[in-house]
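# Coordinates in review
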Amino acid sequence: MRRLLTDLLVLPIRFYQGAISPHMPPACRYTPTCSQYAIEALRKHGPFKGMWLALKRIARCHPWGGSGYDPVP
């Protein structure tokens, strides 16, 4: 069940990476990108903690936030 929920949450991220992101200018402040970070967090920590980590990362991604290498804990 956990794997199914994780895969369902990854689908819209993959859609974004393939259909939307290529048409936008590169603006990522972090490595890995927020979308790749979200996928890694979901796969490593499961759907609930993974989404929490991804949302926290997206909330930090603003002009006054940090930048640089930020791996999934």
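As annotated in an unreviewed UniProt entry, the protein chain carries the name Putative membrane protein insertion efficiency factor and comes from Heminiphilus faecis. Looking at the Function (unreviewed entry) heading of the UniProt record, one finds this comment for the protein chain: "Could be involved in insertion of integral membrane proteins into the membrane."

### Let's talk about the packing of aromatic side chains
Applying the stated criterion across every chain, the model contains 0 aromatic pairs. Sitting above the plane of the Y37 ring, R57 keeps its charged end 4.5 Å from the centroid. The ring of Y30 carries the charged tip of R60 above its face, separated from the ring centre by 5.8 Å.

### Considering the side chain of S35
Within the secondary structure, S35 sits in helix α2 (residues 34-45). Filtering out sequence-adjacent residues up to four positions away, S35 remains in contact with I13, Y16 and Q17.

### What to know about the pattern of salt bridges
What the rule picks out here adds up to 4 salt bridges. Its salt-bridge partner being R43, residue D7 comes within 2.9 Å of it at the nearest N-O pair. Of the two residues, D7 sits in helix α1 (residues 2-20) while R43 sits in helix α2, which places them 36 residues apart along the sequence. Look at R43 and you get partly exposed, because its relative accessible area is 42%. For R57, the salt bridge goes to D70, with nearest N and O atoms at 3.5 Å. In this pair, R57 sits in helix α3 (residues 47-60) while D70 sits in the segment after β2 (68-69), placing the two residues 13 residues apart along the sequence. Judged by its relative accessible area of 17%, D70 falls in the buried class. In this structure, a network of salt bridges that share partners links the residues R3, D7 and R43.

Scoring rules and cut-offs
- Residues numbered from 1 in each chain as written.
- Predicted model: local features only at pLDDT ≥ 70, side-chain atom pairs only at ≥ 80, totals over all residues.
- Heavy atoms only, no water.
- UniProt positions renumbered as here; feature names shortened; annotations may be inferred.
- Phe/Tyr/Trp six-rings, centres within 6.5 Å; stacked < 30°, edge-to-face > 60°.
- Lys NZ or Arg CZ within 6 Å of the ring centre and 35° of its normal.
- Helix = DSSP H or I, 4+ residues; strand = E, 2+ residues; numbered from the N terminus.
- Contact = heavy atoms within 4.5 Å.
- Salt bridge = Lys/Arg side-chain N within 4 Å of Asp/Glu carboxyl O.
- Buried < 20%, exposed > 50% of the residue type's maximum accessible area, 1.4 Å probe, protein only.

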